[in-house]
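# Working through the structure, step by step
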Amino acid sequence: MTALPQERRVLTAIPGPKSQELQARRSAAVAQGVGSTLPVFVTRAGGGIIEDVDGNRIIDFASGIAVTSVGASAEAVVRRASAQLADFTHTCFMVTPYEGYVAVAEALAELTPGDHAKKSALFNSGAEAVENAVKIARAHTKRQAVVVFDHGYHGRTNLTMALTSKNMPYKQGFGPFAPEVYRVPVAYGYRWPTGAENAGREAAAQAVDQITKQVGAGNVAAIIIEPVLGEGGFIEPAKGFLPAIVEFARENGIVFVADEIQSGFCRTGQWFACEDEGIVPDLITTAKGIAGGLPLAAVTGRAEIMDAAHSGGLGGTYGGNPVACAGALGAIETMRELDLNARAKEIEAVMKARLTAMAEKFDLIGDVRGRGAMIAIELVKDRATKEPHPGAAAALAKACHAEGLLVLTCGTYGNVLRFLPPLVIGEALLSEGLDIIEEAFGRL
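Here's what I pulled together on the structure shown here. (Residues numbered from 1 in each chain as written. Predicted model: local features only at pLDDT ≥ 70, side-chain atom pairs only at ≥ 80, totals over all residues. Heavy atoms only, no water.)

A separate point is the environment of Val 148. Within the secondary structure, Val 148 is located in strand 5 (residues 145-149). Relative accessible area serves as the criterion here: at 0%, Val 148 is assigned to the buried category. The spacing of Val 148 and Ala 29 is 119 residues in sequence and 37 Å in space, taken between C-alpha atoms. Ignoring any residue separated from it by four or fewer positions in sequence, one finds Val 148 in contact with His 154, Leu 163, Val 181, Tyr 182, Arg 183, Val 184 and Ile 224. (Helix = DSSP H or I, 4+ residues; strand = E, 2+ residues; numbered from the N terminus. Buried < 20%, exposed > 50% of the residue type's maximum accessible area, 1.4 Å probe, protein only. Contact = heavy atoms within 4.5 Å.)

Here's what the structure looks like:
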């Protein structure tokens, strides 16, 4: 475990004077398009704590957006990555390969759903993984259309911006976008007009109808969905929705792609969120939690689909960097040794119990949802109308930050607080963070 004391400590205003000095330097040197949720400048992080340049220790309910699930300085990640750094930093796997890349691909074949033959290709970021999944699906099917869903988020490259549903801040002013992308309804139970109990069946029927009529099933290369929609608001598609979409894809020769970039690697209490309803995707995209904070991403899938791209058609200078691969093997080692799937379920039980109790006290909370350590509350102005309340989400996040708790907002309407604590966070910090959230509601 980390040597960093696992205790919250607030010594200054947050951000403190040294962070403010660095923020002034940043403003002069870094493009303003690169934002910050909380402009404290970090010196150390580990377990459930982030320490800043002013000596403040902040409880981490963000994990670098679901990246540092094993902690920000996990022993196995540091050990393996350090050893690899001492040997070599780069050769480019496409020029002279190395074992680490192959070992990661083997681990992904073992961990991802399904017992079919699988292969992988490694990249740098989630957006790269999604973009390459589209390339692979198009090469395999010889089709062009790609179907995505309302509230989905898939990245910031040109193609993945087209796949992403939320305009601001991801798409505004950056078009035109890649063509042949079609968006259909998702089973957002909390906001489904006829009720959550009907959402799975009705949304699937609507999605299939729109694809059939507006696109033509025979033109669709891939259907891409997050099994738990991340940036869109931690939306769990209502039960039955994903199996119906998978069945439609199978019947029509469409590649079904599970985007597990935020939800994968024990985050939801399973290795991958699609396992919840027994979904076996044709391709699965991963990143974020895969390598303990080092930049790595992957597309893993059925061997015959993965092999559809011609030799040289996939790759990139840094894809599957040896140090990142070493980090990934260390992260997977940690997940297994500490049984972080079980730990994620324990975190879910604690968080949902506390947040559900808060919902009984505070009418702002319209919905408590999520799985594992991927939990959210949706805030509304009125529970009857469910009118989104983004102002409350922003105010609560600001109040938590001031008290030394890092939380994130999300949601198509900007009205969701999402909680992504490291899976190695201690019970005391988890409870203290929830206390801070409850106190912030009380002062709102």
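With that settled, the discussion passes to the packing of helix 7 (residues 196-215) against helix 8 (residues 241-251). Two numbers describe how helix 7 lies on helix 8: the axes approach to 8 Å, and their chain directions differ by 25°. Taken together, the axes of helix 7 and helix 8 are roughly parallel relative to one another. Considering the relative orientation of helix 7 and helix 8, their crossing is right-handed. From helix 7, Gly 200, Ala 203, Ala 204, Ala 207, Val 208, Ile 211 and Thr 212 reach across to helix 8, where they touch Phe 241, Ala 244, Ile 245 and Phe 248. Across the contact of helix 7 with helix 8, the residue classes break down as nine nonpolar, two polar and no charged. (Axes fitted to C-alpha atoms, helices over the stretch in contact; angles between N-to-C directions. Parallel < 35°, antiparallel > 145°, perpendicular 65-115°, else oblique. Left-handed = near helix turned anticlockwise from the far one by under 90°. Nonpolar A, V, L, I, M, F, W, Y, C, P; charged D, E, K, R; others polar.)

Moving on to the pattern of salt bridges. Taken as a whole and assessed by the stated rule, the structure comprises 28 salt bridges. For the salt bridge of Glu 432 with Arg 8, the shortest nitrogen-to-oxygen distance reads 2.7 Å. Remark: Arg 8 occurs in the segment before helix 1 (17-29) and Glu 432 occurs in helix 13 (residues 427-443); sequence separation between them is 424 residues. Here Lys 381 makes a salt bridge to Glu 387, at a shortest N to O gap of 3.5 Å. Judged by its relative accessible area of 40%, Glu 387 falls in the partly exposed class. Each of Arg 9, Arg 44, Glu 51 and Arg 57 takes part in salt bridges that share partners, so that together they form one network. (Salt bridge = Lys/Arg side-chain N within 4 Å of Asp/Glu carboxyl O.)

Right, let's talk about the packing of helix 3 (residues 75-87) against helix 10 (residues 322-337) for a bit. Taken N-terminus to C-terminus, the directions of helix 3 and helix 10 make an angle of 155°; their axes are 7 Å apart at the nearest point. In terms of axis orientation, helix 3 runs roughly antiparallel to helix 10. Here helix 3 runs over helix 10; the crossing is right-handed. Contacts between helix 3 and helix 10 involve Ala 76, Val 77, Arg 79, Arg 80, Ala 81, Gln 84 and Leu 85 from the former and Pro 322, Val 323, Ala 326, Gly 327, Leu 329, Gly 330, Ala 331, Glu 333 and Thr 334 from the latter. Residue composition of the contact of helix 3 with helix 10, by class: nine nonpolar, four polar and three charged.

Glancing now at the nonpolar core. Counting 122 residues, the largest nonpolar core has Phe 61, Ile 223, Phe 241, Phe 256 and Phe 441 as the members making the most contacts within it. Not counting residues within four places of it along the chain, the set of residues in contact with Phe 256 comprises Ile 223, Ile 225, Leu 242, Ile 245, Val 246, Ala 249, Arg 250, Ile 279, Pro 281, Asp 282 and Leu 283. (Core = buried A, V, L, I, M, F, W, Y, C linked by side-chain atoms within 4.5 Å.)

Turning our eyes to something else, we now look at the sheet that holds strand 5. Strands sit in the order 4-10-9-8-7-5-6 across an open sheet of seven strands; the sheet is mixed. The outermost strands of the open sheet, each flanked by one partner alone, are strand 4 (118-123) and strand 6 (181-184). Here the strands of the sheet are splayed against their neighbours by 20° on average, with no regard to which way each runs. With four bridges joining them, strand 9 (residues 283-286) and strand 10 (residues 297-302) adopt antiparallel strand pairing. Opposite Leu 283, over in strand 10, you have Gly 301 as the bridge partner. In the packing of helix 4 (residues 99-111) onto the sheet, contacts are made with strand 4, strand 9 and strand 10, and the angle to strand 4 comes to roughly 130°. (Pairing = 2+ DSSP bridges.)

As a further point, take the pairing of strand 4. Within strand 4, five of the six residues are buried, which leaves the element mostly enclosed by the surrounding structure. Pairing geometry for strand 4 and strand 10, over six bridges, is antiparallel. By the bridge assignment for strand 10, Lys 118 is matched with Arg 302.

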